[in-house]
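# Descriptive structure summary
In case you want the letters, here they are:
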Amino acid sequence: MTILPDAIRRRGPWSLPNLLTYGRILAIPALVALLFWPREDWARWAALAIYVAAAVTDYLDGWIARAWSQQSAIGRMLDPIADKLLVCALLLMLVHTDTIQGWAIWAAIVILCREILVSGLREFLAELKVSVPVSKIAKWKTTAQLLALGFLVAGPAGDQVLPYNTQIGIVMLWLAAGLTIYTGWDYFNAGVRHMVEEDERGA
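Bear in mind the structure is a predicted one, so any value in this text is a computation, not a measurement.

As a further point, take the overall build of the protein. Within the protein, the regular secondary structure consists of seven helices and zero strands. Reading the secondary structure of the protein in the N-to-C direction produces α-α-α-α-α-α-α. The buried share of the protein, reckoned over its 203 residues, is 39%. Excluding contacts between residues fewer than 6 apart, the proportion of contacts in the protein whose partners are at least 24 apart in sequence is 76%. Just so you have it, the protein exposes about 11,800 Å², and 70% of that area is on carbon and sulfur atoms.

Structure below.
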């Protein structure tokens, strides 16, 4: 009776949290493929189902890793990468399908630029062995972004069930972009401060 729990709780690259992260990465090409049929309702609903499952794993992998003490170096590396790949791929496909269009494209650009900025800053700060904790506002940004993408992935198919579904997604995308600018500025300030301190120590 203890074989299954022991197998599930194993550590290393094949631990359950890491498997969930791998699954989130594998969901990306499936989502991209489905969004090549943006006017097919079945494709939109299938993409939404995969997206929701991926979003749930984003919460579960971290929770399980902490609860079962299964934190790992590969998990710490891949988890944020998987999140960024998912967000960036979806934004590109939603622009491609005209779900995001007009001025709303700027909101998508802001989010994409922030992801690149934060990735670069985190890599630099990691070399200095400096960690930047996730703020409460950053968590709000992530929540708004996840919800916005969910509404937009459903797109026109969702409009048939929930009136103004796409418009709700666009409004939430702008909200996420606003929070993105705020949190990105915080990360940038922290990065610049550590850069200056590093240069002063080397002088």
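Back to the text.
Next up on the list: the pattern of salt bridges. One pass over the structure, following the stated rule, counts three salt bridges. Here R24 ties to D83 by a salt bridge, and the two come within 3.1 Å at their closest N and O atoms. You can see R24 sitting in helix α2 (residues 16-34) and its partner D83 sitting in helix α4 (residues 73-96), a full 59 residues away along the chain. According to the relative accessible area criterion, D83 is partly exposed, its value standing at 22%. One network of salt bridges, in which partners are shared, links K84, E115 and K141.

Quick look at unusual backbone geometry now. Even without a glycine there, the phi angle at D98 is positive, about 65 degrees. Among the structural elements, D98 can be located in the loop between α4 and α5 (104-127). The exposure class assigned to D98 is partly exposed, which follows from its relative accessible area of 43%. In this model, Y164 sits at a positive phi of 65 degrees, which is unusual for a non-glycine residue. Tracing the backbone shows Y164 in the loop between α6 (136-159) and α7 (165-202).

Counting residues in hydrophobic clusters, the biggest one holds 33 residues, and the most contacted among them are L86, L90, L91, I100, I111, L149 and L173. Elements represented by at least two residues in this core include exactly α2, α3 (41-67), α4, α5, α6 and α7. The element best represented in this core is α4, accounting for seven residues. Setting aside anything within four residues of it in sequence, one finds L90 in contact with L31, L35, Y51, L149 and V153.

Looking now at a nonpolar patch on the surface. A cluster of nonpolar side chains, W45, V161, L162, Y164 and I168, forms an exposed patch at the surface whose accessible area comes to about 500 Å². Examined against the element boundaries, W45 turns out to sit in helix α3.

The next subject is α2. Along its 19 residues, α2 runs 27 Å from first to last C-alpha, staying within 8% of the 27 Å computed at 1.5 Å per residue. Those residues of α2 lying buried are P17, N18, L20, T21, Y22, R24, A27, I28, L31 and L34.

So, about the side chain of T97. Secondary-structure assignment places T97 in the loop between α4 and α5. Excluding residues within four positions of it along the chain, T97 makes contact with L35, P38 and R44.

Turning our eyes to something else, we now look at the environment of D41. On the secondary structure map, D41 appears in helix α3. Sequence-wise, D41 and P156 are 115 residues apart; in three dimensions their C-alpha atoms are separated by 7.8 Å. Ignoring sequence-local partners within four residues, the contact set of D41 consists of A157 and Q160.

For the structure shown, the criterion picks out one aromatic pair. Here the aromatic rings of W37 and W42 are separated by 6.4 Å at their centres, their planes lie at 35 degrees, and the arrangement is tilted.

On to the state of the cysteines. By definition, a disulfide is the covalent link that joins the sulfur atoms of two cysteine residues. In total, this model carries zero disulfides according to the counting rule given. Free of any disulfide, C88 has its nearest neighbouring cysteine sulfur in C113, separated by 9.8 Å. Note on C113: relative accessible area 47%, which makes it partly exposed.

What counts, and at which threshold
- Residues numbered from 1 in each chain as written.
- Predicted model: local features only at pLDDT ≥ 70, side-chain atom pairs only at ≥ 80, totals over all residues.
- Heavy atoms only, no water.
- Helix = DSSP H or I, 4+ residues; strand = E, 2+ residues; numbered from the N terminus.
- Buried < 20%, exposed > 50% of the residue type's maximum accessible area, 1.4 Å probe, protein only.
- Contact = heavy atoms within 4.5 Å.
- Areas by Shrake-Rupley, 256 points an atom, 1.4 Å probe, with all protein chains shown as cover.
- Salt bridge = Lys/Arg side-chain N within 4 Å of Asp/Glu carboxyl O.
- Core = buried A, V, L, I, M, F, W, Y, C linked by side-chain atoms within 4.5 Å.
- Patch = residues over 30% accessible without salt bridge, like charges linked within 9 Å, V, L, I, M, F, W, Y side chains within 5 Å.
- Expected span 1.5 Å × (residues − 1).
- Phe/Tyr/Trp six-rings, centres within 6.5 Å; stacked < 30°, edge-to-face > 60°.
- Disulfide = S-S within 2.5 Å.

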